[in-house]
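Working through the structure, step by step
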Amino acid sequence: MELFGGTGGPVRVGGRELARAELLRRASAVAARIGGAGAVAVHADASVETVVAVAGGILAGVPVVPLPPDSGPDERAHILGDSGAELLLAARGAVPPGGALPGGGPPLVPVDDLAGGEVTGTPAPDATALVLYTSGTTGAPKGVPISRGAIAAGLDALADAWAWTPDDVLVHGLPLFHVHGLVLGVLGALRTGSPLVHTGRPRPEAYAAAARDDGGTLFFGVPTVWSRTVADAAAAEALRGARLLVSGSAPLPVPVFERLESLTGHRPVERYGMTETLITVSARADGERHPGYVGTPLPGVETRLRAEDGTPVPSDGETPGELHVRAPQLFRGYLNRPEATAASFTADGWFRTGDIAAVEPDGRHRIVGRASTDLIKSGGYRIGAGEIEDALLAHPAVREAAVVGTPHADLGEQVTAYVVADGVDERRLVDFVAERLSAHKRPRTVHLVDGLPRNAMGKVVKTRLGDLEA
Ligand code: MLC
Ligand code: AMP
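Residues numbered from 1 in each chain as written. Chains lettered and ligands numbered in written order. Predicted model: local features only at pLDDT ≥ 70, side-chain atom pairs only at ≥ 80, totals over all residues. Heavy atoms only, no water.

**Quick notes on the site of ligand 2**
Quick reminder of the rule: We define proximity as follows: a residue is near a molecule or strand when any one of its heavy atoms falls within 4 Å of that partner. Between N or O atoms, a polar contact is any pair within 3.5 Å; within protein, one atom must be a potential hydrogen donor and the other a potential acceptor, and residues adjacent in sequence are included only when both atoms are from side chains. Using a 1.4 Å probe, accessible areas were evaluated by the Shrake-Rupley method; residue-level cover was limited to the displayed protein chains. Put simply, DSSP marks the helices as runs of H or I at least four residues long and the strands as runs of E at least two long, and each gets a number from the N terminus on.
Close to ligand 2 lie 14 residues, the nearest being Arg-271, Thr-275, Asp-355, Arg-370 and Arg-382. Between ligand 2 and Ser-249, the relevant distance is 3.2 Å, taken from a nitrogen atom to a main-chain nitrogen or oxygen of the residue. Between ligand 2 and Thr-275 there is a distance of 2.6 Å, counted from an oxygen atom to a side-chain nitrogen or oxygen. Against a free-state accessible area of 500 Å², the protein chains account for coverage of 93% of ligand 2. Looking at the shell around ligand 2 element by element, the count peaks at four residues for strand 13 (residues 269-274).

**Brief notes about helix 6 (residues 204-214)**
Filter applied, for reference: Note on exposure labels: buried denotes an accessible area under 20% of the residue type's maximum, exposed denotes more than 50%, and partly exposed covers the range between, all computed with a 1.4 Å probe on protein chains only. What the arc covers is the set of directions going from the helix axis to the C-beta atoms. Here, two residues are considered to be in contact whenever any of their heavy atoms come within 4.5 Å of each other.
Looking at helix 6, one finds that the buried residues are Pro-204, Tyr-207, Ala-208, Ala-210 and Ala-211. End-on view of helix 6: buried residues confined to an arc of 160°, all on one side of the axis. Exposed residues on helix 6 whose side chains face more than 90 degrees from its buried face are Arg-212 and Asp-213. Summarising the contacts, the buried residues of helix 6 are in contact with strand 9 (170-172), strand 10 (196-198), strand 11 (218-221), helix 7 (223-230) and helix 8 (233-237).

**Let's talk about the site of ligand 1**
Definition in use: Gly counts as polar in this scheme, as do all residues outside two lists: the nonpolar Ala, Val, Leu, Ile, Met, Phe, Trp, Tyr, Cys and Pro, and the charged Asp, Glu, Lys and Arg.
Around ligand 1 sit 24 residues, and of these Arg-201, Arg-228, Ser-249, Arg-271 and Asp-431 come closest. The side chain of Arg-228 places a nitrogen or oxygen atom 2.7 Å from an oxygen atom of ligand 1. Within the side chain of Arg-271, an N or O atom sits 2.7 Å from an oxygen atom of ligand 1. Within the complex, 74% of the 1,100 Å² of free accessible area of ligand 1 lies under protein. When contributions to the shell around ligand 1 are tallied by element, the ones reaching two or more residues are helix 5 (179-192), helix 7, strand 13 and helix 12 (426-436). Taken together, the residues of the shell around ligand 1 sort by class into eight nonpolar, eight polar and eight charged.

**Notes on the environment of Gly-384**
Turning to its location among the elements, Gly-384 is positioned in strand 21 (residues 381-384). The buried category is assigned to Gly-384, whose relative accessible area is 0%. For the pair Gly-384 and Val-403, spaced 19 residues apart in sequence, the C-alpha separation works out to 8.9 Å.

**Overview of the sheet that holds strand 17 (residues 321-326)**
Going by this rule: Here, a strand pair is defined by DSSP locating no fewer than two bridges between the strands. All axes are obtained by fitting lines to C-alpha atoms, using only the stretch in contact for helices, and the reported angles, taken between N-to-C directions, cover 0 to 180 degrees.
In spatial order, the strands read 16-17-18-19; together these four strands make up an open sheet with antiparallel pairing. Since the sheet does not close on itself, it has two edges, and those belong to strand 16 (302-306) and strand 19 (365-370), each with one partner. On average, each strand axis in the sheet is inclined to that of its neighbour by 50°, with strand direction left out of account. Note that strand 18 (residues 351-359) and strand 19 share five bridges and pair antiparallel. Each residue of the ladder has a partner; that of Ala-358, found in strand 19, is Arg-366.

**Remarks on the pairing of strand 18**
For strand 18, the buried fraction is high: eight of the nine residues fall into the buried class. Sheet topology places strand 17 next to strand 18; four bridges connect them, and they run antiparallel. Looking at the pairing, Glu-322 lines up with Ile-356 of strand 18. Linkage of strand 18 to strand 19, two consecutive antiparallel strands, is achieved through a turn of five residues, within which Gly-363 is found at a positive phi near 95°.

**A short note on the domain arrangement of the protein chain**
To keep things clear, this is the line we draw: Boundaries of every domain are those given by an automatic assignment or by a domain database. A 1.4 Å probe defines the accessible area here, and the buried area is the portion of it lost by two parts on being joined, summed over both. Each salt bridge in this description consists of a side-chain nitrogen of Lys or Arg and a carboxyl oxygen of Asp or Glu lying within 4 Å of one another.
Structurally, the protein chain comprises domain 1 (11-162) and domain 2 (375-469). Across the boundary between the two partners, domain 1 contributes 14 residues, which contact 15 residues of domain 2. Area buried by domain 1 at its contact with domain 2 is led by Asp-70, Glu-75 and Ser-135, which between them contribute 42% of it. There are two salt bridges connecting domain 1 and domain 2. Note that Arg-436 is salt-bridged to Asp-74, the shortest N-O span being 3.0 Å. Here domain 1 and domain 2 share nine residue pairs in polar contact (both at pLDDT 80 or more) between them. Looking at the side of domain 1 that touches domain 2 residue by residue, the classes come out as three nonpolar, eight polar and three charged.

This is how it looks when you write it as C-alpha cells:
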C-alpha cells in the first residue's frame with residue numbers, strides 16, 4: 001500500500017524547501033541504496049535530509065529507526081543494537097566521519113550524495129514503516145514497530161476529524177523522531193498533500209512568522225509550545241488567521257486553553273495518543289472543544305475504562321479507570337520484548353495505555369493522570385524514571401538515585417533526581433545524564449541527600465522524596 005503519492009505541496013525544513021517531485025526523486029535514490037536492508041537508522045535532526053531519508057525508507061519498505069540527534073553514546077548504542085539497523089542515513093556532515101558510536105556503529109550513508117534509482121513494488125500494509133523508541137518505567141527505551149497500515153489508518157482518521165486537506169499549510173517545529181513531529185507532522189503532510197513548514201524549533205515567533213508569511217493554517221504544538229505562545233501576545237495574535245491550533249502529547253492546562261482563545265480567537269483542538277497507538281482520541285474541527293478534554297474516539301477506534309481489578313468503569317464523567325484502546329492504528333508488540341508486549345495487552349486483545357481517564361456520558365474523554373509515577377512527561381517528551389536512575393548510578397560517585405516528575409510551569413513536569421553521592425556536584429550529574437542519554441532527559445534539579453526513604457521491604461518510597469527537601 002502507498003503511504004503517500006506523487007502529488008502534494010512542498011516540504012520546507014529550517015528554511016530549505018523541496019518540491020514534491022524533488023522529494024520523491026531524492027527519496028527514490030535513498031530507497032535504491034538501502035533496498036533489502038533489514039532496518040536503517042536515520043540521524044533525525046530537523047533537516048530536509050531527515051524527511052528524504054524517512055520517505056526513502058518508506059518507499060523501499062525498509063523499517064526506519066529515527067535516532068534522536070542529541071542522544072549520547074549509551075542511548076545510541078542501545079537503539080542501534082536493539083533495532084539491528086544496518087546503515088545510518090544522515091545529512092552530510094551531521095554525524096562525525098567516525099560514525100555514530102565510539103566504536104564506529106553502522107556504516108554512514110550521506111543522504112545528500114545519493115542520486116538515481118527506481119523503486120518498484122509496494123510493500124504490504126503490515127510491513128513495518130518505523131521503529132520508534134519510547135521510554136518505559138524501567139530500563140532502556142523499547143522499540144515500537146509501526147506498520148504502514150497503522151500509519152495510514154491513523155492519519156486518515158485525523159484527516160477526517162480535522163478536515164485536513166491539501167489546502168492546509170501545516171506548520172510546526174517539533175522533533176522528527178517521535179509520533180507528533182514525524183508521523184503526524186511529516187507523514188501527515190505527505191499523505192494529505194498539504195505543504196509543510198517546519199520551523200526548526202517550535203518557537204512562538206517562528207509560528208507567528210509562518211502564519212504571516214507562509215499562510216500557515218494548521219499548527220501543531222505540545223502544551224509547552226502553547227504556554228510559551230500565550231506568554232508572547234504578539235506571536236499569539238499572529239495566529240488569528242489560522243484554521244486549527246492543535247495541542248497534544250501532554251495535558252494542556254485549562255488557563256492556557258482559555259488564554260489561547262482570547263488571544264487568537266481559536267479554541268484549540270486537543271488530541272490524545274501514544275507512540276504505541278498513534279492518535280486515538282481527538283476533538284473535531286466541526287465539533288465542540290472543551291478545556292480539559294481530549295475529545296472523542298477517532299473513527300475506527302474503540303475505548304473502554306477498567307478498574308484495577310479489571311471490572312468495567314461507568315462513563316459517568318467522574319469515575320476514573322485505566323483507558324484501554326483497540327484500533328487499526330495500534331502497534332502489535334514491542335521489538336524483542338515479548339514479556340513487555342504480553343503485559344501491555346489484555347487477554348481479550350485491548351491495549352492497556354497506563355493512562356487514567358474519565359469518560360462523559362456523551363463520549364468526551366478526560367485524561368486524569370497516569371497509573372505509574374515512573375513515567376514523566378516533560379515538554380511533551382516521555383521519560384522513564386528508571387532509565388535516568390540507571391544513568392545516574394553509572395556515575396562512579398553515585399550510591400543511590402531516585403527520579404520523579406515534579407510540577408513545572410513551562411514543561412508540565414520536570415525530571416527531579418534525589419541522589420546519594422560522594423564528592424560530585426549537582427551540575428556535573430546533570431551534564432553526565434545529558435551527555436550519555438539526550439539533553440531533554442537530563443534532570444532539571446538534583447537534590448543531594450543523605451539517604452532515600454525506604455519501606456520495610458527496602459523499596460524507595462517516592463511519595464516521601466519531597467519531604468527530603470525540607
Ligand atoms: C541544556 N542543554 C544541554 C544541557 N543543558 N545540553 C547538554 N547538556 C546539558 N547539561 C541544551 C539542549 O541541548 C538544547 O540545546 C537546549 O539546552 C534546550 O534543551 P531542551 O531540554 O529541549 O529545552 P527546551 O528548548 O526548553 O525544550 C522545550 C520544547 C521541547 C518544548 C521545545 O521539550 C520539545 O521539543 N518538546 C517536544 C517533545 C515531543 O515532540 N513530544 C512528542 C512525543 S510523541 P539547543 O541548541 O537544541 O537549543 C507523543 C504522542 C502524541 O507524545 O500524543 O503526540
Ligand atoms: P508518547 O509515547 O511519548 O507519545 O507519550 C504518550 C503519553 O503522553 C500518553 O500515554 C499520555 O500520558 C500522554 N499524552 C498524550 N497526549 C495527551 C493529551 N492530549 N493529554 C494528556 N496526556 C497526553
